[in-house]
Amino acid sequence: MKINGHYLELQDSYLFSTIAKKVAAFGESHPEAEIIRMGIGDVTLPLCPAVVEAMQSAVAEMGQKESFRGYGPEQGYDFLREAIAAYYAGNGVSLELEEVFVSDGAKSDVGNILDIFAQDNQVLIPNPVYPVYLDTNIMAGRNVRYLQADASNGFLPMPDETVDADIIYLCSPNNPTGAVYNRQQLKTWVDYANQKKAVILFDAAYEAFIQDSSLPRSIYEIEGAKTCAIEFCSLSKTAGFTGTRCGYTIVPLALECGGTKLNRLWLRRQTTKFNGVPYIVQRGAAAVFSSEGQRQTKEAIAYYQKNAAVMAQTLQKMGVWFTGGTNSPYIWMKCPAGYSSWEYFDKLLEQAHVVGTPGVGFGENGEGFFRLTAFGDAEKTKEAMRRMEALG
Ligand code: MLT
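Residues numbered from 1 in each chain as written. Predicted model: local features only at pLDDT ≥ 70, side-chain atom pairs only at ≥ 80, totals over all residues. Heavy atoms only, no water.

Right, let's get into the overall build of the chain. Each helix and strand in the chain was counted, giving twelve helices and 15 strands. Along the three orthogonal principal directions, the C-alpha set of the chain runs to about 55 × 55 × 55 Å. The buried share of the chain, taken over its 392 residues, is 53%. Sequence-distant contacts in the chain: of pairs separated by 6 or more residues, those separated by 24 or more amount to 73%. Taken as a whole, the chain presents about 17200 Å² of accessible surface, with 51% of it coming from carbon and sulfur. Here the chain contributes 35 positive and 44 negative side-chain charges, whose respective centroids are spaced 2 Å apart. (Helix = DSSP H or I, 4+ residues; strand = E, 2+ residues; numbered from the N terminus. Buried < 20%, exposed > 50% of the residue type's maximum accessible area, 1.4 Å probe, protein only. Contact = heavy atoms within 4.5 Å. Areas by Shrake-Rupley, 256 points an atom, 1.4 Å probe, with all protein chains shown as cover. Lys, Arg positive; Asp, Glu negative; His and termini not counted. Charge placed at Lys NZ, Arg CZ, Asp CG, Glu CD.)

This paragraph deals with a nonpolar patch on the surface. On the surface, a cluster of nonpolar side chains totalling about 450 Å² of accessible area is made up of Met1, Ile3 and Leu8. By the secondary structure assignment, Leu8 is in the segment before helix H1 (15–29). (Patch = residues over 30% accessible without salt bridge, like charges linked within 9 Å, V, L, I, M, F, W, Y side chains within 5 Å. Salt bridge = Lys/Arg side-chain N within 4 Å of Asp/Glu carboxyl O.)

Let us now look at the sheet that holds strand E8 (residues 247–250). Read from one edge to the other, the open sheet built from seven strands follows the order E2-E8-E7-E6-E5-E3-E4, with strand pairing classed as mixed. The open sheet terminates on both sides in strands that have one partner only, identified here as strand E2 (100–103) and strand E4 (143–148). Each neighbouring strand pair of the sheet contributes to a mean axis angle of 20°, computed without reference to strand direction. For strand E5 (residues 167–171) and strand E6 (residues 199–203), the ladder comprises five bridges, and the chain directions are parallel. Paired with Leu170 across the strands is Phe202, a residue of E6. Across the sheet, helix H3 (residues 78–90) lies against E2, strand E7 (229–234) and E8, angled at about 120° from E2, the strand it touches most. (Pairing = 2+ DSSP bridges. Axes fitted to C-alpha atoms, helices over the stretch in contact; angles between N-to-C directions.)

If you check the shell around the ligand, you find Phe16, Ile40, Gly41, Tyr130, Asn175, Tyr206, Lys237, Tyr330 and Arg371 and nothing else. Within the side chain of Lys237, an N or O atom sits 2.9 Å from an oxygen atom of the ligand. Here Arg371 contributes a side-chain N or O atom positioned 2.7 Å from an oxygen atom of the ligand. For the ligand, whose free accessible area comes to 270 Å², the fraction covered by protein is 85%. Taken together, the residues of the shell around the ligand sort by class into five nonpolar, two polar and two charged. (Near = heavy atom within 4 Å. Polar contact = N/O pair within 3.5 Å; in protein donor to acceptor, adjacent residues only side chain to side chain. Nonpolar A, V, L, I, M, F, W, Y, C, P; charged D, E, K, R; others polar.)

With that settled, the discussion passes to the packing of aromatic side chains. Taken as a whole, this structure holds 26 aromatic pairs when the rule is applied. Relative to Trp332, the ring of Phe155 has its centre 5.9 Å away and its plane inclined at 80°; by these criteria the two rings are edge-to-face. Of this pair, Phe155 sits in the loop between E4 and E5 while Trp332 sits in strand E12 (residues 330–334); the two residues are 177 residues apart in sequence, bridging distant segments of the chain. Grouped by ring-pair contacts, the aromatic residues Tyr14, Phe16, Phe155, Trp321, Trp332, Phe362 and Phe369 constitute a single cluster. A cation sits over an aromatic face here: Arg283 above Phe79, 3.6 Å from the ring centre. Note that Lys334 overlies the ring of Phe369, its terminal NZ or CZ placed 4.5 Å from the centroid. (Phe/Tyr/Trp six-rings, centres within 6.5 Å; stacked < 30°, edge-to-face > 60°. Lys NZ or Arg CZ within 6 Å of the ring centre and 35° of its normal.)

We now examine the pairing of E4. Relative to E4, strand E3 (residues 122–127) runs parallel, the two sharing six bridges. Counted as the bridge partner of Asn127 is Gln148 from E4. This β-α-β element, E3 to helix H5 (residues 131–139) to E4, shows right-handed connectivity. (Right-handed = clockwise from strand over helix to strand, strands pointing away.)

Another aspect to go through is the nonpolar core. Counting residues in each nonpolar core, the largest one holds 94 residues, and the members touching the most others are Ile168 and Ile200. For this core, the element with the most residues is H3, which contributes seven residues. With residues up to four places along the chain from it excluded, the contact list for Ile168 reads Leu124, Leu147, Trp189, Tyr192, Ala193, Ala198, Val199, Ile200 and Leu201. Formed by 24 residues, the second largest nonpolar core is a distinct cluster that contains Ile116, Val251, Leu255 and Trp266. (Core = buried A, V, L, I, M, F, W, Y, C linked by side-chain atoms within 4.5 Å.)

This brings us to the sheet that holds E12. Spatial strand order, E11-E12-E15-E14: four strands in an open sheet with antiparallel pairing. Each edge of the open sheet carries a strand with a single partner, namely strand E11 (322–324) and strand E14 (357–358). Taken together, the three bridges between E11 and E12 define a ladder with antiparallel strand orientation. Bridging from a neighbouring strand, Thr323 pairs with Trp332 of E12.

Roughly 490 Å³ of volume is contained in the largest pocket. In terms of lining residues, the largest pocket is bounded by 24 residues, among which Gln11, Leu134, Val360, Gly361 and Gly363 are the most central. Those elements that provide at least two residues to the lining of the largest pocket are H1, E3, H5 and E4. The biggest single contributor to the lining of the largest pocket is H5, with four residues. In terms of residue class, the lining of the largest pocket is built from 14 nonpolar, seven polar and three charged. (1 Å grid on protein atoms, 1.4 Å probe; cavity = no way out; pocket = protein on both sides within 12 Å on 5 of 7 lines; lining within 4 Å. Points joined across faces, edges and corners; volume = space filled by probe spheres on them.)

Once that is clear, we can look at unusual backbone geometry. For the bond from Asn127 to Pro128, the omega torsion is 5°, close enough to zero to count as cis. A cis amide bond links Asn175 to the next residue, Pro176, at an omega of 20°. For Pro176, the location among the structural elements is in the loop between E5 and helix H6 (183–196). Its identity as a non-glycine residue notwithstanding, Ala337 has a phi of 55°, on the positive side. Looking at the element boundaries, Ala337 is found in the loop between E12 and helix H11 (341–352). By relative accessible area, Ala337 is classed as exposed at 77%. Of note, the phi angle at His353 is positive, near 55°, even though the residue is not glycine. Looking at where His353 falls in the secondary structure, it is placed in the loop between H11 and strand E13 (354–355).

Rendered as structure tokens:
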């Protein structure tokens, strides 16, 4: 027996597990501390009423012989795929139903998609970025090159014509920096990918936070994207589904490699290794796209955006450099007084009992930076900001 030795090349544990362990240990030794969590981007508002009602009626259906359902289609029920396609149509993107694959979230699909690509692909990954892209490629033993993102390019790396690429990861609005590509920048990426016959894996998990209507929410708003991009999205942050689990992946029929449609490969992969998302959850997900669901989820997003504004005001008062928070639920700040990311994490936890995410956890270029999420309770967010300000 041989293990996959590439697992030994990974860091000891996944970033958010490391943080959770550190916070739990601190909590145990300081039971009096009222810890405020602004680390992992986990939502705090409940599911909206439209979703709850839809799920309750789905539960009732499942309890009756006449309406009970067993296995569903692996790629999702048509009622949800239609709702997703209609949502895209609202942003000017037309999709065929077979291009939409319902899943249990963007994280799984972003990792699983690697099944359909050969081993010897050249992968480009922004640094800093969501750690799942890098870790899943390390697990698969793939060659990774970094796209350097820093303050000089607004944390939005652009293609380098002299560099070859087969698989390119882009995340916009970006996790962790909150930076968003504009249309022209995305067009440059799409042209580069088409020219290199590369595929862009576009993570749109935070699209619902875009306020500026000139910014693209989907890569398919860009001409040429259907021949070079797969898009991942999730209802986790859009509609509070972090614990409920539902997302979707778009694999256009026009996306081909040597005459093979990637859509067919992904369908084959999903029908073999995945049995679909629960019917009850898919009914709840479809309700997100109803007009009532859209109104209610937008209210929740506005609540989080108010938190982001409170955080931004505090950092401005403190004279701390930061980005994000406007078209994104994340604030990406420079650590005060030259602290390293983990030094600031420890200081904030120990002295203010506030948890954030060390920027270096998203890649070396994140060293000296820190990420805070706006997904908290409004009062607790205000309290955390008071404590941070007092700490200086
Ligand atoms: C984050 O905090 O970066 C996200 O919550 C992680 C995720 O969505 O898996």
